[in-house]
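# What the coordinates show
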Amino acid sequence: MSKDSLSRRQALALLAVVVLAWGFTWVVSKLLLQYMTPLWAVAARSAVGAVALLLLGLALRRVAWPVRADIPVILSVGLLHMGAFAALVSLGLQHVPAGRSVVLAYTTPLWVIPAARLFLGEPIGPGRRAGLLLGLVGLVLIFNPLAFDWSDREAIFGNALVLLAALCWAANIVYVRAHRWVTPPFELAFWQALLATVVLSAVAWAREGAPRVIWGADLAWLLGYGGVFGIAVAYWAAVNVNRSLPAGVTSIGLLGVPVFGLLCSAAVLGEPLGGALLAGMGLIVGGIALGVRERGG
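Presented here is an overview of the structure given in this document. (Residues numbered from 1 in each chain as written. Predicted model: local features only at pLDDT ≥ 70, side-chain atom pairs only at ≥ 80, totals over all residues. Heavy atoms only, no water.)

### A look at the overall build of the protein
Along the protein, the regular secondary structure elements total 12 helices and 0 strands. Counting from the amino terminus, helix and strand elements in the protein follow one another as α-α-α-α-α-α-α-α-α-α-α-α. At 19 Å, the protein has a C-alpha radius of gyration in line with the 19 Å of a compact globule built from 297 residues. The C-alpha extent of the protein, read off along each of the three principal axes, is 55 × 50 × 35 Å. Within the span of the protein, comprising 297 residues, buried residues form 49% of the whole. Long-range pairs, those at least 24 residues apart, make up 89% of the contacts in the protein between residues at least 6 apart in sequence. Only carbon and sulfur atoms are counted for the fraction: they give 69% of the accessible area of the protein, which is about 13,900 Å². (Helix = DSSP H or I, 4+ residues; strand = E, 2+ residues; numbered from the N terminus. Rg over C-alpha atoms; globule rule 2.2 N^0.38 Å. Buried < 20%, exposed > 50% of the residue type's maximum accessible area, 1.4 Å probe, protein only. Contact = heavy atoms within 4.5 Å. Areas by Shrake-Rupley, 256 points an atom, 1.4 Å probe, with all protein chains shown as cover.)

This is the structure we're talking about:
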C-alpha cells in the first residue's frame, strides 16, 4: 500500500460517505426547485461547490495550475458531467420524481459498456452482455409501455432529459478512461467546477433571464449541502476511494447511491415506492454489478 493510500476500513467508510452524500443530493436538487429556476439552481450549487473545492484544495495543498494536457479532461468533466448532466437532471426533476430520476440517471454504467466497446475497443464478455440485458429489462419494466401515460408530454420530456443526462455522464466516463492523466484528478476538480459554473450561469442567464431567488435559511442549507457535501466533500472522498480500493469494489459500492436516493425521496418527499420502480431498480443495479464484476476486483 502506498503512503497515500487509506486502509480498507477507512476507504470503505469514505465510500459510505460518497453514497450518503450523493444519494441525498437528489432530494436536495428537487427541493431547490422550490426556490430557484432549474438552471440557476445548478449554477448556484456549482458555484458553492467550486468555492468549497478551492478551500478544501488549499487546505490540503492540492490545487494545481492546469497544464495544456489537462485541458481536454477539464472540458470533459466540466461540460459533460458537472455541466450538462447537472443541468439536464435539474430540468428533468421538474417533471419526474427524484427517486425515479436517480434510478434513471444511474443507468449510466449500462451505456458505458457499448460505448467503451465502440470507442475504446473494450471487450463485452458474457458478464457484461448479461448485465446489459438485465439492466435494459429493468429499464423497460420502469417504463412499462403498456402502463406509461404517453399522452403526458411533460412526463415523457422529463424522463428523456434524465436519460440524456445519463448518456452525457457515460460519454464523460468513456473519455476519462482513455485520458492520460498528467495532473492528479482532485487537483483539477476546482477548475472543472469553475468551468461548469461559468457555463451554467451563462446558459441560465440566456434561458431564464436574471436569477429569481426566494432567499431564506432553507435555501442557504440546501445550497450549502449541495455544494459542500454533494460536490466538494463527495468528490474528494471519491478520489481517495478510487486510489485505495479496486475499481470493481468501488463501482459496486456506488450502486448504493440510487438505492439510498430512492429511500430518501420516499422518506423526505413522500414519493411512492411502486413495485415496478423497485423491481426495475433491482434489475438495473444487478445488471451493473454483473458488468462490473467481470472486470475483476
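### Points about helix α1 (residues 8–32)
The end-to-end C-alpha distance of α1 is 36 Å, a good match for the 36 Å that 25 residues give at a rise of 1.5 Å each. The largest bend along α1 measures about 25 degrees and falls at Trp26. (Expected span 1.5 Å × (residues − 1). Bend = angle between axes of the 7 residues up to and from the residue.)

### Here's the deal with the packing of aromatic side chains
What the rule picks out here adds up to 8 aromatic pairs. Here Tyr225 and Phe229 contribute two aromatic rings whose centre-to-centre distance is 5.5 Å and whose plane-to-plane angle is 25 degrees, an arrangement assigned as stacked. Placement of the pair is Tyr225 and Phe229 together in helix α9 (residues 217–244), with a separation of 4 residues, close to one helical turn. Aromatic ring contacts, followed pair by pair, group Trp26, Phe85, Tyr106 and Trp169 into a single cluster. (Phe/Tyr/Trp six-rings, centres within 6.5 Å; stacked < 30°, edge-to-face > 60°.)

### What to know about empty space enclosed by the protein
By the definition in use, this model includes 1 cavity of 30 Å³ or more. At the level of secondary structure, the elements contributing two or more residues to the lining of the largest cavity comprise α2 (38–60) and α8 (185–208). Among the elements that take part in the lining of the largest cavity, α8 stands out by supplying 4 residues, more than any other. Among the residues forming the lining of the largest cavity, the class breakdown is 5 nonpolar, 1 polar and 2 charged. (1 Å grid on protein atoms, 1.4 Å probe; cavity = no way out; pocket = protein on both sides within 12 Å on 5 of 7 lines; lining within 4 Å. Points joined across faces, edges and corners; volume = space filled by probe spheres on them. Nonpolar A, V, L, I, M, F, W, Y, C, P; charged D, E, K, R; others polar.)

### Here we look at the side chain of Thr183
If you trace the backbone, Thr183 turns up in the loop between α7 (153–178) and α8. In this structure the side chain of Thr183 is engaged in a polar contact, spanning 2.6 Å, whose partner is the side chain of Asp70. (Polar contact = N/O pair within 3.5 Å; in protein donor to acceptor, adjacent residues only side chain to side chain.)

### So, helix α5 (residues 108–120)
Because an α-helix packs 3.6 residues into every turn, residues spaced three or four apart end up facing the same way. Here α5 spans 17 Å end to end across 13 residues, near enough to the 18 Å set by a 1.5 Å rise per residue. For α5, the full list of buried residues reads Thr108, Leu110, Val112, Ile113, Ala115 and Ala116. Gly121 lies just past α5 and shows a positive phi near 75 degrees.

### Looking at the pattern of salt bridges
Charged atoms that come close allow side chains of opposite charge to pair. All told, the structure shown has 1 salt bridge when counted by the stated rule. Its salt-bridge partner being Glu187, residue Arg62 comes within 3.4 Å of it at the nearest N-O pair. Of the two residues, Arg62 is situated in the loop between α2 and α3 (71–92) and Glu187 in helix α8; the sequence distance between them amounts to 125 residues. Taking the relative accessible area as the measure of exposure, Arg62 reaches 15% and is therefore buried. (Salt bridge = Lys/Arg side-chain N within 4 Å of Asp/Glu carboxyl O.)

### Examining unusual backbone geometry
In this structure, Arg61 takes a positive phi of about 55 degrees despite not being glycine. The exposed category is assigned to Arg61, whose relative accessible area is 80%.

### Section: the nonpolar core
Membership of the largest hydrophobic core comes to 82 residues, with the highest contact counts inside it found for Met36, Leu53, Val103 and Tyr106. The element contributing the most residues to this core is α1, with 13 residues. Once residues lying within four places of it in the same chain are set aside, the contact partners of Leu53 are Phe186, Ala189, Phe190, Ala193, Ile231 and Ala232. (Core = buried A, V, L, I, M, F, W, Y, C linked by side-chain atoms within 4.5 Å.)

By themselves, these observations are geometric and do not establish any function.
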